[in-house]
Amino acid sequence: MARRKVDHLLIGGGLAAGNCARWLREDGGEGSILLVGREPDPPYNRPPLSKDYLQGKESRDDALFRPDEWWDEQNIELLKRTSVMKLDTAERVATLSTKEEIEFDTALVATGANVKRLRVDGCDLEGIHYLRAFANSEAIRADAETRKRAVLIGGSYIGCEVAASLSAAHGVDCTIVMMEDVTFEPFFGEKVGRFFQSVLEEHGVTVHGRQELERFEGDGDRVTKVVTKNGLELECDFVVVGIGVTPDVTLARAAGLELGEAGGVRCSAGLESSAPGIFAAGDICEYDSPVHGAPMRIEHWDVAFNQGKTAALSMLGRGVEHDVVPYFFSDLADWVSMEYVGPGSGDVVVRGSMEQHDFTVFYIDDGRARAALTVGRSDDLEHARRFITERTRVDPAALADANTDLGLL
């Protein structure tokens, strides 16, 4: 098969590549763009998979990054169900799963992440789900419509969001089994994690902390029971596993791109990899953050989205740096919503009232705000972003006082 040439090759079918394509056009790029993704769908937002899409409130079209006709209107070629099998950084040639070879001037590697899978007895039984794509969410929803007892493995975003969605929208009896003491503890600490766990429990979700999975049991084909190493036995009709992801750097590693300490593709502040003209974004990107003053790798859809823009501008030679403070949100059905800017850790300072679901938590380290989480006080995040980017020294007592004008700090 003959080679062909494109100006910009975008590898990966997620938001990082989708937003990169958008900004290549919006910032004046007129060159040819080819986006290659292994999924059967064009780029789409993943958060609805555990929230509104799973609950049946949002359609596939609602979740799409752009409607189907937009790609043709922008003269962006989209290859679905296709993978890049080899990337020659010296020759600037990519070999596709279709055997076609693509020459390119600049490239974005945005291959995303793969869900971590359990390797325990019974892990191959039917009714054990992982969540990463439309089809996964649809399979979980199908079980929820006919079966009413679910066990969620993992106490972070997927486990908690799916438990809330299944309980609120489908009436499923949900139980979370996790190794942490309280939900979200590794991300937000014990105090904040306990707040979210209390919300789940108030709405009927059972939570078992300090429980390590030992095995699944079934009726021959389908899972019927979850057993932990502490001897906890939970009858169930289906299971959803949410224990994290690992960056998919298989292609990048084989291409010889330098990897960082966190396992991602090592990039400059402009998201350029060790190979000139080849950039990275999303789950695999480990970049020099001008905001945090250290290499960062952050797994979240909003990070991928914003990095797509930075990568596009860098590919067009605009000389930008990725100086965006990472932001993300999470909804537990319509029970409670959180917003977060960071990442960072430190001493917890609470502003407002957790009891009234109206508070902001600032994470303070060495006198500076490193991150902030809010429930019901979105305006506080604008001040938190300023504290983080300007590395402002703050008074914890002033932050905790709801009468303090944060604009004066």
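Residue indices follow the written sequence of each chain, beginning from 1 at its first position. Note on the predicted model: pLDDT of at least 70 is required for a residue's local features to be given, and 80 or more for side-chain atom pairs to be given and counted; whole-chain, interface and lining totals, by contrast, use all residues. Processing note: side-chain calculations cover all non-hydrogen atoms of the structure and skip hydrogens and water entirely.

Helix and strand assignments follow DSSP, with helices taken as H or I runs no shorter than four residues and strands as E runs no shorter than two, numbered in order from the N terminus. Helix and strand counts for the chain stand at 12 helices and 25 strands. For the chain, the spread of C-alpha atoms along the principal axes amounts to about 65 × 60 × 40 Å. Each residue is placed in one exposure class: buried if its accessible area under a 1.4 Å probe, protein chains only, is under 20% of its type's maximum, exposed if it is over 50%, and partly exposed if it falls in between. Counting across all 409 residues of the chain, residues that qualify as buried make up 55%. Contacts are residue-level and defined by heavy atoms, with any inter-residue pair within 4.5 Å sufficient. Within the chain, contacts between residues separated by at least 24 positions form 61% of all contacts whose residues are at least 6 apart in sequence.

Reading across from one edge, S8-S15-S9-S10-S11 is the order of the five strands in this open sheet, with parallel pairing throughout. Edge strands, defined here as strands with exactly one partner in the open sheet, are strand S8 (128–130) and strand S11 (206–208). The sheet shows a mean angle of 20 degrees between the axes of neighbouring strands, direction not considered. Each pair of strands is called paired provided DSSP finds at least two bridges between the two strands. Two strands pair when backbone bridges link them, and strand S9 (residues 149–153) and strand S15 (residues 238–241) are joined in this way by four bridges, in the parallel orientation. The residue bridging leucine 152 from the neighbouring strand is valine 240, located in S15. Every axis in this analysis is a line fitted to C-alpha atoms, fitted for helices over the stretch in contact. Angles between the N-to-C directions lie between 0 and 180 degrees.

The next subject is the pattern of salt bridges. Each salt bridge in this description consists of a side-chain nitrogen of Lys or Arg and a carboxyl oxygen of Asp or Glu lying within 4 Å of one another. All told, the structure shown has 32 salt bridges when counted by the stated rule. Between arginine 368 and aspartate 366 there is a salt bridge, with the nearest N and O atoms lying 3.7 Å from each other. Between arginine 385 and glutamate 382 there is a salt bridge; the shortest N-O distance is 2.6 Å. Here the residue arginine 385 and the residue glutamate 382 both occupy positions in helix H11 (residues 379–390), the gap between them amounting to three residues, near one helical turn. When salt bridges that share partners are traced, they join Glu214, Arg215, Glu217, Lys225, Glu233 and Glu235 into one network.

Multiplying 1.5 Å by the helix residue count minus one yields the expected span of that helix. Here H11 spans 18 Å end to end across 12 residues, near enough to the 16 Å set by a 1.5 Å rise per residue. On its buried side, H11 packs onto strand S21 (327–332), strand S22 (336–341), strand S23 (347–353), strand S24 (358–365), strand S25 (368–375) and helix H12 (396–400). Looking one or two places after H11, you find arginine 391, whose phi comes out positive at around 50 degrees.

Residue glycine 342 is joined to proline 343 through a cis peptide bond whose omega torsion reads 5 degrees. With respect to the secondary-structure elements, proline 343 resides in the loop between S22 and S23. Look at arginine 81: it is not a glycine, yet its phi comes out positive at around 50 degrees. The class for arginine 81 is exposed, based on a relative accessible area of 64%.

Turning next to the sheet that holds strand S17 (residues 265–267). Strand pairing in a sheet is mediated by backbone hydrogen bonds. Such pairs are either parallel or antiparallel. Pairing is mixed across the open sheet formed by three strands, whose spatial order is S17-S19-S20. Lying at the two open borders of the sheet, with one neighbouring strand each, are S17 and strand S20 (294–296). Mean inter-strand twist for the sheet, computed between neighbouring axes without regard to direction, equals 25 degrees. Sheet topology places S17 next to strand S19 (residues 285–289); three bridges connect them, and they run parallel. Paired with valine 265 across the two strands is cysteine 285, which belongs to S19.

For helix H1 (residues 15–26), with 12 residues, the first-to-last C-alpha span of 16 Å sits near the 16 Å given by 1.5 Å per residue. Within H1, 11 of the 12 residues are buried, which leaves the element mostly enclosed by the surrounding structure. Of the residues making up H1, those classed as buried are Leu15, Ala16, Ala17, Gly18, Asn19, Cys20, Ala21, Arg22, Trp23, Leu24 and Arg25. A positive backbone phi angle near 100 degrees is found at glycine 28, which sits one or two residues after H1.

Of note, arginine 266 is situated in strand S17. For arginine 266, a relative accessible area of 22% corresponds to the partly exposed category. Separated by 19 residues in sequence, arginine 266 and cysteine 285 have C-alpha atoms that sit 6.7 Å apart. When near neighbours in sequence (up to four residues on either side) are disregarded, arginine 266 contacts Glu258, Leu259, Gly260, Glu272, Ser273, Ser274, Glu286, Tyr287, Asp288 and Pro295. In the analysis that follows, any N or O atom pair within 3.5 Å is treated as a polar contact, provided that within protein one partner can donate a hydrogen and the other can accept it, and provided that, for residues neighboring in sequence, both atoms belong to side chains. For arginine 266, the side chain forms a polar contact with the side chain of aspartate 288, separated by 2.8 Å.

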